Amino acid sequence: MSKILEINNLFKSYGPVEILKDINVSIDQGDFLVLVGPSGCGKSTLLNCIAGLEPITSGNLSIGGQDMTTVSPKDRDIAMVFQSYALYPTMTVAKNITFGMKVRGVDQATQDEKLAYVAQQLQIEPLLKRKPGQLSGGQRQRVAMGRALVRDPKLFLFDEPLSNLDAKLRVEMRTELKALHQRLGASMVYVTHDQIEAMTLATKIVVMKGGIIQQIGTPAEIYNRPANLFVADFMGSPAMNLIPAKAVKNGKGTAIQIERNGNTPIVLSDTKNLDLPEDVILGVRPEDISDASLRANNETQEADCVIEIVEPAGADTFAVMELGGKHVTARLHSETSAKAGETQRLAFDLGKVSYFAPDTGKRLN
Amino acid sequence: MADYSMHTVQNNNPIGKIALRWGLYVMLGIFAVFYLMPFFVMLTTSLKSLDEIRTGDLISLPREVTLDAWRTAWSGACTGIQCEGMRPYFWNSMLIAIPGVAISTLLGALNGYVVSQWKFRGANIIFSLMLFGCFIPFQVVLLPMARVLGMMGIAGTIPGLIFVHVIYGLGFTTLFFRNYYVSIPSELTKAAKVDGAGFFRIFWSIFLPLSIPIIVVTVIWQFTQIWNDFLFGVSFSQAGTQPVTVALNNIVNSTTGVKEYNVDMAAAIIAALPTLLVYVVAGKYFVRGLTAGSVKG
Ligand SMILES: Nc1ncnc2c1ncn2[C@@H]1O[C@H](COP(=O)(O)OP(=O)(O)OP(=O)(O)O)[C@@H](O)[C@H]1O
Ligand SMILES: [Mg+2]
């Protein structure tokens, strides 16, 4: 099956500053690729390169099996939603949405039909006659979406298209996008800061930092098996606990010792027969530390911990304690008996933990 | 307004406040009178008869209003040997100024659009060189320009004068449009490119409609420059193609018979009228803030 988008060894510099370094990504027809990374890591730049709006410094790029490295944006068969919306200020909302079709010579009836459909989908029918200056941020964002959705391109590019919507509308639009994706089988590249958006929408996630791809994988892979400390820390909310620990080999396996202030160390034992160096960083998701009485399987190991802070958050209660000199968050059941300042017996799910090398940050298991 | 109310917080003596206000108005009034005085004298003089001018006071109102001087200035006054008034020259100026303004504005808009939104290697150098063109004094280009006009075969013609004004104005119009367009986010061009639009389509559909305020500014500037120009007009015209400024000079300086001050004044006002009109009419369309809402904010 041919790749809808294939990027090989892409480098991009602005003058002497290298912004994107050796990017290699490919997606299949119907994939939903989500780009995540901290602000300024080059996500928008990468989208611009895919769209052909910025020339790339080296490498090559193909869309739909055709080499597009030097092809102009209008011939790449893409639609794009810009982070800054980029609505045409002198045109009404309706004209903004139909401009692309008009330029491409789509007949008036089709234009009207598509406009009506998209306007209904995005709930912007009452706004069609207004100018962008008379819209709120969220309304502008929806118009920008509309401009892309009336097209039927090989590839959609979205740069944080839902960032300015209120929580309810955002959830609706997210569902709408997912449905659209499934219905059309359209291929998309999507930039977001929102963890949940990334997890729910993506078939594939790319995590970037400083212009370098840190990890590519399915949402489950990224979440469960982060490739390094950066990805572990960046993906998931609350973030994965990264606890400095010592791995001590003994007869039956490896003991993982976690120092505690004014208390005996917690000792957990690795059951997987991993070959770990002495110093490791243990990565545990908050949900993998739970009430011992409520969760137990053959991978969990228990320990008594002093809870420092208890934060109820509706369905869950977060308990914070200090382990290995770090604040560690556990996601407990809302009916937990944990109280601040008291000791609670917690279960650590060793089947799901990650180990990282403290110096390189690389995953060890 | 905000500043003013801030001020009243410190100085909340109402009498002082009112005195300040009135002081300001009186000052402004004095300046206005000072600037309007010459125009007032011109206007009243142009409405008087020669007898009255000779016997009366410079700043007194006309005892008897007469439009004879205006009639003479428009169609009878002598410029050297011809006695057709300002009329033919007025039309010459129109024929020079209107295409000159239109062409230089359009080219300036295109240039500004290119150097601000279609960055190419050397764009900044080219722009700097064009800026340099703004600072070259008229006198310096007279001789080279005469050569060029001769070579093009349009020396002494109205197209020749249009050409001169377009070339000389291009630096300014490019500067105006470039500075206006650099503040327009490049995403607008990018979005239009993704929508499939090309160079001229983007210019026509997106940039020109955004440009009304700067077009107005440029038109006012260029029209004033071209209409009021004397040096190019006197250097590059011949008998039938002289602009209104040259005619005015000839009327005022023609030395046959008595000095008709009323005619001179009427002719001067006629020569100045179109620029005044452009300010009044175009100023109304000086609308700002059309880009509001195109980007996040
Ligand atoms: N035209 C430009 N010239 C020089 N540097 C640029 C230019 N555009 C972007 N950059 C730099 O490139 C880097 C990446 O920018 P980019 O806009 O791609 O970040 P981003 O990942 O989209 O961030 P955000 O999440 O804040 O939108 C930034 O450090 C930025 O300063
Ligand atoms: Mg960005």
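Values in this document were obtained by computation on a predicted structure and should not be read as measured data. (Residues numbered from 1 in each chain as written. Chains lettered and ligands numbered in written order. Predicted model: local features only at pLDDT ≥ 70, side-chain atom pairs only at ≥ 80, totals over all residues. Heavy atoms only, no water.)

**Q** Help me understand the interface of chain B and chain A in this model?
**A** How big an interface is tends to be stated in terms of the accessible area lost upon association of its parts. The interface of chain B with chain A comprises 23 residues on the first partner and 30 residues on the second. Summed over both partners, the interface of chain B with chain A comes to about 2,200 Å²; 62% of that surface belongs to carbon and sulfur atoms. One can count 1 salt bridge joining chain B with chain A. Remark: the boundary between chain B and chain A carries 5 residue pairs in polar contact (both at pLDDT 80 or more). Listing elements by their share of the side of chain B that touches chain A, those giving two or more residues are helix H9 (186-194) and helix H10 (199-210) of chain B. With 7 residues, the top contributor of residues to the side of chain B that touches chain A is H9 of chain B. (Contact = heavy atoms within 4.5 Å. Buried area = accessible area lost by both parts, 1.4 Å probe. Salt bridge = Lys/Arg side-chain N within 4 Å of Asp/Glu carboxyl O. Polar contact = N/O pair within 3.5 Å; in protein donor to acceptor, adjacent residues only side chain to side chain. Helix = DSSP H or I, 4+ residues; strand = E, 2+ residues; numbered from the N terminus.)

**Q** Help me understand the pattern of salt bridges in this model?
**A** In a structure, side chains of opposite charge can pair up when their charged atoms sit close to one another. Residues and elements named next belong to chain A. Counted according to the given criterion, the structure contains 17 salt bridges over all chains. The partner of Lys249 in a salt bridge is Asp275, and the shortest N-O contact between them spans 3.5 Å. With Lys249 in strand S11 (residues 241-250) and Asp275 in the loop between strand S13 (263-270) and strand S14 (279-284), this residue pair connects regions lying 26 residues apart in the sequence. Its relative accessible area of 67% is what places Asp275 among the exposed residues. Residue Arg331 is joined to Glu287 by a salt bridge in which the shortest nitrogen-to-oxygen separation is 4.0 Å. (Buried < 20%, exposed > 50% of the residue type's maximum accessible area, 1.4 Å probe, protein only.)

**Q** Explanation requested: the coordination of the magnesium ion (ligand 2) in the structure shown.
**A** Reference values for coordination geometry: four tetrahedral donors around a metal ideally subtend 109.5 degrees, six octahedral donors ideally subtend 90 or 180 degrees. All names here are of chain A. Taken together, the protein ligands of the magnesium ion (ligand 2) are Ser44 (OG) and Gln83 (OE1), with distances of 1.9 to 2.2 Å. Remark: Gln83 occurs in the loop between strand S6 (78-81) and helix H2 (93-103) and Ser44 occurs in helix H1 (residues 43-51); sequence separation between them is 39 residues. A relative accessible area of 24% places Ser44 in the partly exposed class. (Donors = N, O, S within 2.8 Å, 3.2 Å for Na, K, Ca; no water.)

**Q** How should I be thinking about the side chain of Asp195 of chain B in this particular structure?
**A** Along the polypeptide, Asp195 of chain B turns up in the loop between H9 and H10. We note that Asp195 of chain B is buried and unpaired, the nearest opposite charge coming from Arg151 of chain A at a distance of 4.3 Å. (Lys, Arg positive; Asp, Glu negative; His and termini not counted.)

**Q** Mind showing me how you'd approach unusual backbone geometry here?
**A** The general pattern is negative phi for most residues beyond glycine and trans for most peptide bonds. For the bond running from Ser237 of chain A to Pro238 of chain A, omega is -5°, close enough to zero to count as cis. By the element assignment, Pro238 of chain A lies in the loop between helix H8 (229-234) and S11.

**Q** Explain the domain arrangement of chain B to me, please; I cannot follow it from the model alone.
**A** Residue and element names in this part refer to chain B. Per the domain assignment, the segments making up chain B are domain 1 (2-66) and domain 2 (87-292). The C-alpha centroid of domain 2 is placed 33 Å from the C-alpha centroid of domain 1. For the pair domain 1 and domain 2, the summed buried area comes to about 720 Å², and 83% of that belongs to carbon and sulfur atoms. Contributions of two or more residues to the side of domain 1 that touches domain 2 are made by helix H2 (14-46) and helix H3 (50-55). (Domains from an automatic or database assignment.)

**Q** Is there a simple way to explain the sheet that holds S13 of chain A in this structure?
**A** Residues and elements named next belong to chain A. Reading across the sheet, the 5 strands line up as S13-S12-S11-S14-S21 and stay open at both edges, with antiparallel pairing between neighbours. Whereas interior strands pair on both sides, the edge strands pair on one side only; in this sheet they are S13 and strand S21 (354-356). For this sheet, the mean inter-axis angle between neighbouring strands, taken without regard to orientation, is 40°. With 3 bridges connecting them, S14 and S21 associate as antiparallel partners. Counted as the bridge partner of Leu282 is Tyr355 from S21. (Pairing = 2+ DSSP bridges. Axes fitted to C-alpha atoms, helices over the stretch in contact; angles between N-to-C directions.)

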